[in-house]
Amino acid sequence: MVKFAPSLLSADFARIAQEIAAVAAAGAQYLHFDVMDGRFVPNITWGPKIVADLRKLSTRTFDAHLMIVEPERYVDEFRAAGADIITFHVEATPHAQRLLTHIRASGAKAGIAICPQTPVAMLRDVIEDCDLVLVMSVNPGFGGQRFIPRAVEKVREARALIDAMQPACELEVDGGIGEANLRAIVDAGANVIVMGSSIFGAGDPGAAVRRLRALLDDAVSHGA
Ligand code: DX5
Ligand code: ZN
């Protein structure tokens, strides 16, 4: 079963409780939190308090995507706030294996993300310590950017690596995904799909989730 992870970056925070309820009722399995520090990426979003406050609103899986430098300084705070999956960027730390192990020991699932410039091969020596691989299909920092087509091939490469070395690992893709390319990304082997503007940009997020889900009804699902 392919999972949907609506990115709250594109939600209306003045109506966040209704937005979360709408996507959850429509069947979205994860809620994706884009944490940005203005250093790793040129944008600032939110810290652990927002995650802790929103935790009271939902029992869905909280999927924290840390786009921050020195992620090792903050993973414990996001875990304490209620993050179920904590994903950091391989480009942001020299000690990815240590951090993956630390996140797992905290009781969270450990994810590792790669920017468009970073080859899938960078993950090979740490894949056995991963619960999730996140292939970025835009340069991280903002919602609503255009999908970078090369990402489809990277998803295939990541799927092959996961199947060979760590079959339980989830494969998530993030950035520029919507009706036009969802199916191709799933066919390439992704099983968790992050979508921000295509879910929250059109007025009725629940209807958007249902419409996007319908596109996959006869698609082959991988890994879930
Ligand atoms: C980008 C974030 C994404 C973003 C996706 O840096 O990691 O999660 O919110 O938004 P869309 O789906 O609009 O590209
Ligand atoms: Zn993200």
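As shown above, the structure is provided for reference.
Note that this is a predicted model, so its numbers are computed, not measured.

Peer 1: Explain the overall build of the protein chain here, please?
Peer 2: Helices and strands together make up the secondary structure of the protein chain, namely eight helices and eight strands. In terms of overall dimensions, the protein chain is globule-like: its C-alpha atoms have a radius of gyration of 16 Å, near the 17 Å expected for 224 residues. Considering the protein chain as a whole, with its 224 residues, one finds that 53% of them fall into the buried category. In the protein chain, the share of contacts with a sequence separation of at least 24, taken over all contacts with a separation of at least 6, comes to 66%. Here the protein chain carries 22 positive and 27 negative side-chain charges, and the mean point of each set is 2 Å from the other.

Peer 1: Could you clarify how one ought to interpret the environment of A108 in this entry?
Peer 2: Tracing the backbone shows A108 in the loop between α4 (96–105) and β5 (109–114). The exposure class assigned to A108 is buried, which follows from its relative accessible area of 5%. A sequence separation of 81 residues divides A108 from G189, and the C-alpha atoms of the two residues are 23 Å apart. Among residues more than four places away in sequence, those in contact with A108 are R79, A83, D84, I86, I103 and D131.

Peer 1: What should I look at first to understand the site of ligand 1 in this one?
Peer 2: The environment of ligand 1 is made up of 20 residues, and the closest members are D34, G141, G144, D174 and S197. A distance of 2.7 Å is found between an oxygen atom of ligand 1 and a side-chain nitrogen or oxygen belonging to D174. Contact distances for ligand 1 include 2.8 Å between an oxygen atom and a backbone N or O atom of G196. Relative to its free-state accessible area of 390 Å², ligand 1 is covered by the protein chains to the extent of 100%. Listed by contribution, the elements that provide at least two residues to the shell around ligand 1 are β2 (30–36), β3 (61–67) and β8 (192–195). It is β2 that provides the largest number of residues to the shell around ligand 1, a total of three residues.

Peer 1: Just checking my understanding: could you explain the coordination of the zinc ion (ligand 2) for this structure?
Peer 2: Note on metal geometry: ideal angles are 109.5 degrees for four donors arranged tetrahedrally and 90 or 180 degrees for six donors arranged octahedrally. Here the zinc ion (ligand 2) is held by the protein donor atoms H32 (NE2), D34 (OD), H65 (ND1) and D174 (OD), which lie 2.0 to 2.3 Å from it. For the zinc ion (ligand 2), the six donor atoms are set out with angles of 69 to 168 degrees between them, so the coordination reads as octahedral. Sequence positions of the residues that donate to the zinc ion (ligand 2) give the spacing H-x1-D-x30-H-x108-D. Of this pair, H32 sits in strand β2 while H65 is found in strand β3, placing the two residues 33 residues apart along the sequence. The class of H32 is buried, set by a relative accessible area of 0%.

Peer 1: Please clarify how the side chain of S7 should be interpreted in this entry.
Peer 2: With respect to the helices and strands, S7 occurs in the loop between β1 (3–6) and α1 (16–25). Side-chain polar atoms of S7 contact the side chain of D34, separated by 2.6 Å. Those residues within four positions of S7 in sequence are excluded, and the remaining contacts are H32, D34, V194, M195, G196 and F200.

Peer 1: How should I be thinking about the nonpolar core in this particular structure?
Peer 2: Across soluble globular proteins, you tend to see nonpolar side chains buried next to one another. Ranked by size, the top nonpolar core spans 64 residues in total, and within it F4, L8, I112, V133 and I193 carry the most contacts. It is helix α5 (residues 150–165) that provides the largest number of residues to this core, a total of six residues.

Peer 1: What am I meant to see in unusual backbone geometry here?
Peer 2: Both trends apply: most residues other than glycine have a negative phi, and most peptide bonds are in trans. If you check the backbone angles, E70 has positive phi at about 45 degrees while not being a glycine. Tracing the backbone through its elements, the reader meets E70 in the loop between β3 and α3 (75–81). Take E70: its relative accessible area is 35%, and that puts it in the partly exposed class.

Peer 1: Before we go on, may I ask you to explain the sheet that holds β1 in this structure?
Peer 2: Each strand in a sheet pairs with its neighbour through backbone hydrogen bonds, running either in the same direction (parallel) or in the opposite one (antiparallel). Strands sit in the order β1-β8-β7-β6-β5-β4-β3-β2 across an open sheet of eight strands; the sheet is parallel. The outermost strands of the open sheet, each flanked by one partner alone, are β1 and β2. Direction aside, neighbouring strands of the sheet carry axes that sit 25 degrees apart on average. Of the strand pairs in this sheet, β3 and strand β4 (residues 85–89) are connected by four bridges, and their pairing is parallel. Looking at the pairing, A64 lines up with I86 of β4. Together, β4 and β5 form the strand contacts of α4, whose direction differs from that of β5 by roughly 150 degrees.

Cut-offs and rules
Residues numbered from 1 in each chain as written. Chains lettered and ligands numbered in written order. Predicted model: local features only at pLDDT ≥ 70, side-chain atom pairs only at ≥ 80, totals over all residues. Heavy atoms only, no water. Helix = DSSP H or I, 4+ residues; strand = E, 2+ residues; numbered from the N terminus. Rg over C-alpha atoms; globule rule 2.2 N^0.38 Å. Buried < 20%, exposed > 50% of the residue type's maximum accessible area, 1.4 Å probe, protein only. Contact = heavy atoms within 4.5 Å. Lys, Arg positive; Asp, Glu negative; His and termini not counted. Charge placed at Lys NZ, Arg CZ, Asp CG, Glu CD. Near = heavy atom within 4 Å. Polar contact = N/O pair within 3.5 Å; in protein donor to acceptor, adjacent residues only side chain to side chain. Areas by Shrake-Rupley, 256 points an atom, 1.4 Å probe, with all protein chains shown as cover. Donors = N, O, S within 2.8 Å, 3.2 Å for Na, K, Ca; no water. Tetrahedral: all angles 85-135°; square planar, octahedral: opposite > 155°, others 65-115°. Core = buried A, V, L, I, M, F, W, Y, C linked by side-chain atoms within 4.5 Å. Pairing = 2+ DSSP bridges. Axes fitted to C-alpha atoms, helices over the stretch in contact; angles between N-to-C directions.

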